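For reference, the chains in residue letters:
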Amino acid sequence: MDSLYLDMQDKNVLVVGSGEVGERRARRFLQSGANVVISSGHVSNQLEELGAIYKPRKELSKWADWADLVVVASGDTQLNQEVSSLSKDKLINRADHPEEGNLIVPSSFFIGDVQFSIFTQGKSPLMAKELRKRIQSVVNKKDILQLELQHFTRQLLKEKVEDQKKRRDYLYQILNDKKINELLDNGKVEQAQSYITQVLENLH
């Protein structure tokens with residue numbers, strides 16, 4: 001199984017089931033810009049405010065056909081099987097039996113603009129939470145500032161250096177530059193950018 005990121009902007013998602021898992025999945029896709037229809041159960045006020053729409057179970061076939069992605073998160077085994085059959089040609093996330101679906105929705109979180117996803121093959125949601133805490137304790141503010149600085153430097157280098165290998169070498173130099181690291185330790189991003197700009201002005 002390979003990890004992939006899918007742009008959900010304007011994609012259609014059917015969520016069957018409105019318990020804790022269904023609501024969490026629905027919220028996540030809504031926040032990613034997807035159109036979300038919920039069938040079975042109810043739609044919470046929070047999900048309604050985010051744009052979720054409720055449709056009755058009798059219309060399942062219609063909305064399964066409409067969906068690009070189907071989330072099966074009902075506590076009703078028979079309903080889950082019915083939805084899976086209707087969605088056989090779709091991307092489908094089975095919250096009850098992940099191995100029977102073809103799409104996993106891992107635990108995911110951001111630190112700054114960096115997104116981390118953790119999937120334990122379904123072995124331990126508890127360990128997924130613990131690993132998340134450990135990652136959050138290791139990745140610090142300076143790492144995020146360095147990320148922004150690397151992006152800034154890459155844009156400048158693309159204008160000045162055609163050779164990709166040389167650009168990479170310069171980026172490593174920036175990453176390990178003592179003065180730049182001292183500036184970032186003190187949160188002085190603009191000064192670091194100015195320093196880099198001066199250094200790169202001498203490139204030909």
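Everything numeric in this text was worked out from a predicted model, so none of it was measured.

1. Let's talk about the nonpolar core
Ranked by size, the top nonpolar core spans 17 residues in total, and within it Val13, Phe29, Val36 and Ile38 carry the most contacts. Sorting the residues of this core by element identifies strand 1 (12-16), helix 1 (20-31), strand 2 (35-39) and strand 4 (69-72) as the ones contributing at least two each. The contacts of Val36, once residues within four sequence positions are left out, are Val13, Val15, Ala26, Phe29, Leu30, Gly51, Ala52 and Ile53. Leu183, Leu184, Ala192 and Leu200 belong to the second largest nonpolar core, which has 14 residues in total.

2. Considerations on unusual backbone geometry
Backbone geometry places Asp10, a non-glycine residue, at a positive phi of 65 degrees. Locating Asp10 in the fold gives a position in the segment before strand 1. Positive phi outside glycine occurs at Ser40, with the angle close to 80 degrees. Inspection of the secondary structure assignment puts Ser40 in the loop between strand 2 and helix 2 (45-50).

3. Re the packing of helix 6 (residues 141-160) against helix 8 (residues 178-185)
Put simply, helix 6 and helix 8 touch, their axes get as near as 10 Å, and they point 125 degrees apart. As far as their axial angle goes, helix 8 and helix 6 are oblique. As for the relative orientation of helix 6 and helix 8, their crossing is right-handed in sense. Here Lys142, Leu145, Gln146 and Leu149 of helix 6 come into contact with helix 8, specifically with Ile180, Asn181, Leu184 and Asp185.

4. A closer look at the layout of surface pockets
In this approach the atoms are scanned with a rolling probe the size of a water molecule, which exposes any empty space left behind. A volume near 1,800 Å³ is recorded for the largest pocket. As for the largest pocket, its lining consists of 45 residues, of which Arg28, Ile104, Val105, Pro106 and Ser107 are closest to the centre. Going through the elements one at a time, helix 1, strand 5 (91-94), strand 6 (107-111), strand 7 (114-118) and helix 5 (125-138) are the ones with two or more residues in the lining of the largest pocket. Here the lining of the largest pocket takes seven residues from helix 1, the largest share from any one element. Residue composition of the lining of the largest pocket, by class: 22 nonpolar, 13 polar and 10 charged.

5. Concerning the pattern of salt bridges
The tally for this structure, following the rule as stated, stands at nine salt bridges. Between Glu130 and Lys133 there is a salt bridge whose closest N-O contact spans 3.6 Å. In this pair, Glu130 and Lys133 both sit in helix 5, three residues apart, roughly one turn of the helix. By relative accessible area, which is 29% here, Glu130 ends up partly exposed. Given the relative accessible area of 52%, Lys133 is considered exposed. If you follow the salt bridges from partner to partner, you end up with Arg57, Asp76 and Glu82 in one network.

What counts and what doesn't
- Residues numbered from 1 in each chain as written.
- Predicted model: local features only at pLDDT ≥ 70, side-chain atom pairs only at ≥ 80, totals over all residues.
- Heavy atoms only, no water.
- Core = buried A, V, L, I, M, F, W, Y, C linked by side-chain atoms within 4.5 Å.
- Buried < 20%, exposed > 50% of the residue type's maximum accessible area, 1.4 Å probe, protein only.
- Helix = DSSP H or I, 4+ residues; strand = E, 2+ residues; numbered from the N terminus.
- Contact = heavy atoms within 4.5 Å.
- Axes fitted to C-alpha atoms, helices over the stretch in contact; angles between N-to-C directions.
- Parallel < 35°, antiparallel > 145°, perpendicular 65-115°, else oblique.
- Left-handed = near helix turned anticlockwise from the far one by under 90°.
- 1 Å grid on protein atoms, 1.4 Å probe; cavity = no way out; pocket = protein on both sides within 12 Å on 5 of 7 lines; lining within 4 Å.
- Points joined across faces, edges and corners; volume = space filled by probe spheres on them.
- Nonpolar A, V, L, I, M, F, W, Y, C, P; charged D, E, K, R; others polar.
- Salt bridge = Lys/Arg side-chain N within 4 Å of Asp/Glu carboxyl O.

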